[in-house]
Structures are given as C-alpha cells and as structure tokens.
Amino acid sequence: MKGNEFDVIIIGGGITGAGTARDCSLRGLKVLLIERNDIATGATGRNHGLLHSGARYAVTDKDSASECIKENMILKKIARHCVDDTGGFFITLPEDDLGYQSKFVEACKAAGINAEVLDPKEAILEEPSVNPDIIGAVRVPDGSVDPFRLCLSNIVDAKAHGTKILLYSEVVGFIKEGDTVKGVKILDHATGLTSEYYAPVTVNAAGIWGHHIAELAGIRIGMYPAKGALLIFAHRVNGIVINRCRKPANADILVPGDTVCVIGTTSTHVPFEECDNMHVTPDEVDLLLSEGAKLAPVLSSTRILRAYAGVRPLVSADDDPTGRNISRGIVLLDHEKRDGVKGLVSITGGKLMTYRLMGEWATNLVCKKLGVDKKCVTAVTPLPGSETGGLEEVSKKFWTNPSTPQKATVGRLGDQASSVFLEDEYDQSLVCECEEVSAGEVNQAIANLEVHNLVDLRRRTRIGMGTCQGELCACRAACLLAKARNCAEEEKSDLCSFMNERWKGMYPIAWGETLRESAYTQWVYSGVFGMNENN
Amino acid sequence: MKYDTIIIGGGLSGLVCGISLAKRGSKCVIVSAGQNALNFSSGTFGLLSRLPDGRQITSPLEAIGELDENHPYRIIGEDKISEYAGMTAGFFEECGIKLHGNNDANGYVVTPTGDYKPAWLAMEDITIFPEKQEKIGEKVLVVNFKGYLDFNSAFVANAFEKSGSSCRMETVSLEATERLRRNPTEMRAVNIARVLDNESVLSEFAEAVKKLIKDEDVVVLPAVFGLNNAASLDILKNNIGVKTLFVGTMPPSIPGVRTQMLLKRAFEGAGGTFLMGDEVTGGEISGHRVLNVKTVNLGEVMLEADNFVLSSGNFFSKGLIASPEKVYEPVFDLDVDYLKDRSLWYDQDFFRKQDYMGFGVKVDSSLHALKGGDAIDNLYVTGSILAGTNQLYEGCGAGVAIFSAFYVADSISGKKEN
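Residues numbered from 1 in each chain as written. Chains lettered and ligands numbered in written order. Predicted model: local features only at pLDDT ≥ 70, side-chain atom pairs only at ≥ 80, totals over all residues. Heavy atoms only, no water.

A. Expanded view of empty space enclosed by the protein. Residues and elements named next belong to chain A. Counting across every chain of the model gives five cavities of 30 Å³ or more. There is about 90 Å³ of room inside the largest cavity. Taken together, the residues of the lining of the largest cavity break down into seven nonpolar, eight polar and no charged. The computed volume of the second largest cavity comes to approximately 70 Å³. Lining the second largest cavity we find Asp-146, Phe-148, Arg-149, Leu-152, Arg-412, Leu-413, Arg-459, Arg-460, Thr-461 and Arg-462. Elements represented by at least two residues in the lining of the second largest cavity include exactly α6 (147-160), α12 (404-413) and α15 (454-461). A breakdown of the residues in the lining of the second largest cavity according to their chemical character gives three nonpolar, one polar and six charged. Mapped onto the domain boundaries, the lining of the second largest cavity takes at least three residues apiece from domain 1 (8-43 + 148-222 + 328-370) and domain 3 (420-528). (1 Å grid on protein atoms, 1.4 Å probe; cavity = no way out; pocket = protein on both sides within 12 Å on 5 of 7 lines; lining within 4 Å. Points joined across faces, edges and corners; volume = space filled by probe spheres on them. Nonpolar A, V, L, I, M, F, W, Y, C, P; charged D, E, K, R; others polar. Helix = DSSP H or I, 4+ residues; strand = E, 2+ residues; numbered from the N terminus. Domains from an automatic or database assignment.)

B. Geometry of the pairing of strand β16 (residues 253-257) of chain A. Residues and elements named next belong to chain A. Where burial is concerned, most of β16 is hidden: four out of the five residues are buried. Pairing analysis gives two bridges linking strand β15 (residues 241-244) to β16, with the strands arranged antiparallel. By the bridge assignment, Asn-243 is partnered in β16 with Ile-253. Counting the residues between successive antiparallel strands, the hairpin from β16 to strand β17 (residues 260-264) contains two residues, one of them, Asp-258, with a positive phi of roughly 50°. (Buried < 20%, exposed > 50% of the residue type's maximum accessible area, 1.4 Å probe, protein only. Pairing = 2+ DSSP bridges.)

C. Just the domain arrangement of chain A, in detail. Residues and elements named next belong to chain A. Along its sequence, chain A is carved into domain 1 (8-43 + 148-222 + 328-370), domain 2 (82-144 + 224-312) and domain 3 (420-528). On a C-alpha basis, the centres of domain 1 and domain 3 stand 30 Å from each other. At the junction of the two partners, domain 1 supplies 12 residues and domain 3 supplies 11 residues. When the buried surface of domain 1 facing domain 3 is broken down by residue, Phe-148, Leu-152 and Tyr-168 rank first, second and third, together holding 44% of it. (Contact = heavy atoms within 4.5 Å. Buried area = accessible area lost by both parts, 1.4 Å probe.)

So, in structure tokens, the structure goes:
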C-alpha cells in the first residue's frame, strides 16, 4: 500500500469519527481520519456533557433509551477517567403533571433503566440545590462525561493502533470512478495545498456537516440542523444531574461537571450556513436562566461563565419545526444500497452517549464491505487513561505524595498521566491556575497531541476553561507554544484568536462578575499589552 | 468621625487627589477596598493616544479640542490640562517617583507581548522610545528567571528582532528563587521581587547575568526589581555593565505596585489617613449635599466630611456595577451614562472598542456628581468612573485620573479659601 492508500477513510474528528477510527484500527484496518478543524469542534464539544441513562427518551423513543443505558454501563467501565458517576433525578414541579411520573417509570423499566421513585423530601436532602417545591422525584443512573477527554482518548488510541490523523484538512471532493467512490480530495488549511487519498471505503462521520459531504458525492441525506444553546455556571451548584420529569422541552437538564454545571438546552431549526458560527441570543439566555432557576433556584444568583451552542446532526423524519420529535437514534446509511453510490457510508443521528455503538455499526459495515471478519472489542477494551484502576490508585502508582498539579493531571488523563513529565519543579509551574494545568502537561500536549493552536490546546488540557476564561494562562501558554515551535509572530495572532473565541462565549452573558472579569481582561490585553484590532 | 474630605477609592486618582489636598493642610481620609489599576499597570501613563473615532494621536495636548464637550478633558479645559500635564512629573518626584517622558509628543514602550504601545510618561523601569521599533542594539540578550511564566521572552525577543537586533534568550536560576518554585503558584512577580530586594541576592543575580553575556551589547530583563525602592534598578544596571533595559511582565506589575506604595506613603506623610481593606457601602444625601458615608468595617459609625470625592474606579473596582437590565453606581446611586440596550454594550471582536468601557457617572462643569439630574454640591467625581470617555480605547486613563484629581483638589481648596 502506498502512503496515500488506506483501507478506510473516516471524515470527521468528532466523537463519532474518533470512535469509528478507534474501532476500525482495533480490527486491524489501515485508517485515515480527516478533520477540517480540530477534534471535538462540532456538537461533540457543544453539549451538556451528560452521561445519559436513557431515561430522557424512555417515554418517547424506547430504542434510543435502551441504547443509551447499555452504552452508559459500558462507558462507566471503559472510560472511567472521563466519567463522573453522579446519578440523576427526574423531578416533578407543581406546574407539571405528576401522572407522567408513573408512565415514565414504567417506560424506564421497559428500556432496562433502573428508575427508583423517591420521596421528594429525601431527594431534597440528597440534592440540596433542587427546587424545594418539587412534588415528585425519580432516581436514574445519569452521570456526567467530559466529551473533550472522551474524544481525545479515542483519538490517542486510534493513533496508537496506526491511524493517520489529518487535522485542519477539509474534504473538498470525492474521487469517483463511475458510481464508485475511490477516495477523497483534501485541502490542507495550513499549507493551502490539495492532495488525494484513496480507500475502498469512506465513512462520512461529519455530524451536521455530513449533509454537505454527502452532497459532494451527489447524495442527499436530508439532515435537520437543530441548534441547542447552553449556559455554564461558575460553580458546581448540584452534585446530581437534575432533569424535569416531563416530555423533553427547553432548559430542563442541569448537569454538574468538574467545578461547574451546565443548563440546557434550547432547540431551534437553523440554516446550514449558520452551523459554522453559532451565537447565543439574549432570548436564549433569558429562557435558559428562567427555566434553569426552576430546577435549582440558586442559579438565578450564580455567576454565569459562558454561553455556547451546538448543532445536533438530526436526520429529518417529519416536519417538526423544533426537531424535538425526531429520533435521537443512530442512522447508518449504506449509500450503495440507498443511492447506488459504492464505497461510501454515512453514520449520523445518534448522540454523544452512543458514539461507541455508532462506531461499531459503521465498522461492521466497513468490514463487511472489505471482507474482513473481526469482532468488535471496543465495548470491553478500556480507553487509554482507564486501563489501570481508579484515580487514587493511579495517582499513588506514579507518586508517593502527589502534588496538586500531579493530582489534577491524573484527574484529566487517568493512567495516561505517566506520559507527562512532572518530576521537575519547572514542569509543575502552573500555566492555568483555575484548572491547575502545569507547564509539563501543556508541553506534553504540544509535543504529542496534535496541537496546532491555543484553542486546540484548551480542548486537550482545559487551559482557559476555568473561572477567568483565559486571562493570563492564554498568554503563558502562547509563550510555551512560541518557544516549542519557534513561532512568536504566529503565536501572537493565535493569542488574539483565542481571546476572541473566549469572548464569543462571554459577551452574551457579560454583566455582574462576568463583565468585571471581562473589563479586567480587556484592560490587561489592550491597556497593558497594547494589543488591538491591528494585531 | 469628621474629616475635611473623604475620598472613596485608593487608586491613582484617589491618591493624587488626597496628596494634593493633604499637602494643603486638609484633613483627608481615603477608603480603599484593595486592588486597583496600578497593580496591573504597564508602568506607563497615557494622556491621549487615540480619538473616539479611531484616529491615532501623536501630540496629545494639541488634540484635546477635538474631543467631545462632555469628555473630562474638555470639562476641565484645555489650558488647565496643559498646566496640569506640566505639573505631573514634579508632583510625582516629590512623592519619590521618577517619571520620564514628553508632554508634547507620545513615545512608545515595548509591552509584555512585544507590542509597541504609546505612552506619555513612564516609571523608571520602563524605557520610552521616541519612535516605534527603535533599534536598541546590535545584539540583545533577553534573560528570564527559570520557570517564571509571566515574562514572555519569546515575544519580547521577537519585538527587538523586528527592529533589527539579533536576540538570544537565556534563563537564570538562583537558589533563592528556586525555593519559590516548590509551590507551583509562587513563581509570580511580587514573590520574585521580594526575594530580589535582598542586596546579596540581587548582586548574585547580576553576576549570573554577566556570565551569560557573550558579545551582547544590550541585556533585557523582566521588570520585577525594586518592590520597595527603585534603587535596585540602578544597582543592577551598574553591576551588569552593559546597557540594561527592563520590559514589563504580566500582572501584577512591580513598577505599579511600587508607585502605589510610594503614593500611599506620600499621602500618609502629608497627614492623610488611609483606610486599607474597607469599603464604602452607602451615604446619606440631603438637600444636594452628602452628609456622611458608612463603611463595612466601621459599621454604624458614620464618616462625616465637608467634601466627598468618588474615585471608586470602573467595573473592575466595582465603582460601576452591571446587571442584565442596567448599569448603576452602588454607593450613591448616581446618574450613570450608559446604553440601555445591552446588545450595544459589546463588540463581538474582543480587540475592538467596547462601548461598555465608556460608561460612567455624569458630572457638571465642576465635576460634581449628578443624581436625578441635579448636581450634588459637595460630591466630586474623579478617575475612571467619569462618563464621557472610553479611557482604555483612547489611552487616557492615567491622564484623566491625575488631572481630574488635581482639578477637584483645586476646587475643594479654592472653595475653602473663598
């Protein structure tokens, strides 16, 4: 095989593409993964980070619900360094119909989800942030998951099994012979050069952008872009996931994650052209705040860290204007059967929770097309980071008396923390104080984790994701990147892009403490550093 | 407790106003909540470098006439501004702070990110160049402390390379600074400066730098020396032997912290009382006069005075507070000039002009605060809380802070004489 020939080309570096690449490479295939941006830039990094139990879909979409609970239990084993097993409540407020609760519990049981009805008083004791007026509560096995970490772990493992990763490379066309897709044409955004790669099968795993990818092959999938807006709060107000026990609607899930919590979502149909640049509107902020405060009243006085929005890659089934009634189920399309185009498969629909199963389905089809007979092992093979024991155990294995940055690194990387050199005090100097990210961890990411810029670095290390939203850590990290790559000039403009990316999530909610923080950051960057729109 | 003047806010403006008044025999108190802009200053003062429409200004005093009528400079008046600008360096000199610069034309300083920023005056540490990208030498050695992440030697070296010098980067590691690294958050400017205030450590550092010099004619160091006394800067320059320049670091700013401390000392030396770590929470107003204010620490004990000066700063210092619906001044609920529609507060580009930074308290021609449209006769407003200017954008924060303080001090003293 030549350098540009592969068994399978996977388009999309989100969780679906990453999971599919891992599965394919574990089954011995030679894999190329192409992403036009960075990993986890689409819906993968723009959701609640909810480890669904499936309960949310139990009443309306039983298949999705049972897929969710199975994957939930698998992820708790194979990705424990990405998962926080918080448990979840479905609460009934006085304005909701308590009659829905029994229907809900029945549906959960039918889907294999453990649902336990609680006395509301008991629920309040267990989760003091919950609205004290609740008239019903059900416990389900929800949790939270770090989607960046999860995506990265799949990428790291795929790479370890021979997958070639091309980031910032966009598919601009398919190479076709008659009705068969033979490969793809790629535009490298860093160099501006185009090149060609060949494989007997190409998997379209590009999320909502998969609509456009299919069009390049002359195929119409009929996707439905549904924008979902969310808010991150600066404190972890709840320890347990809080959902509304009613038909899925706006702003009815509050998920704790690390030191923060996230409320969401909304659901609005948006044109495809807007998918690359989602802005959260004041109306969405108001709605999320007022509905969120019904779940946990303290939210109305909690500082908001950031607003963001993602686009769900739903596949249309009817004319539902909100997209709420479209199944969240997995859609696997064999374009040979569906459209008469050979060598192309699309994997879409689904959710973060079911990414592994989506990868399994897609890989099964790829293997069938290639005549490869290998079993899927992703359900039983832990991801890098979760290969040895719990976090305490891992931490003790490396260091007798772990320092704070060492503990933080283990928290993020699990057993992969051994790849970070943290012995030297220099490596332990903190780059990001909010998230306790050390110079050693930043340098490790720069060296090994396909980092092109500061925003990539944030997705891999969490720098700039804490309460200050990247005030000084961004500048420190920019300097480390400039030194490692010897590119001070480029790093300066990279720093500007990073600050703008942070600001995008801040200005929709910039009042109170958030505005104060922004004013300080602006004073530092413009007033002290003298950086302005000309940079 | 009764004073002649109570100043709310211990930043640059409050201190300058307090020193001016105390020197003239006024019994003054400054109530300071804590950190202010001096702590993260660039070590320079700006008078005016850009007009609200974006035009760059090289001769600030000549451009004042082009500002809007409600700009604090226009309220104070062009002639007064020129007079005050001429007084500034002398005023600071008397407080033990040496400033250098030029009233007629802005110069430029190299910033922590290696950018060139216009400046009117600079503290001793920071060099003002008459032109952008002035070549400082043939060969430049940029030296940093090992493990100190808040000085961007790569960016700084890049700036000097662009101006035609060849640059080399080195780090120094001293036993005394090594101790700081045992705690991962300790390697920050103030801690380093504190360690280097010890003379033997300072000369050890100078020796270490000297050993690193090969054929360089200029040494560039982070501005983390002389926390208590700028004399350290001269000692270093003399010991290193070649031309030595300092470039600012990420906050906190050592030149800024030192300036704040010397101003506070000058204020207290002139007989003023500085209440550190206290916060004015409200005041009683009757018949267009403030009668008293109360603070967190003093509880029910009211502070009374003939005159009050509000120098409480902008959003960062909580002089102004924004809620989703409005922007307000929390102590007296004064009239605030701001845009009602929140979507107009921001530009989506972080580095462009942000209109919210131009919000402030409305004043009359004597810088009396307005409340409900009426002037409060004994309440004056100075510094970054003033309406009529986006100080960050226009590069006039220090100028407004200092000149409004001089102007108010003059008004208050003049009133007494009459």
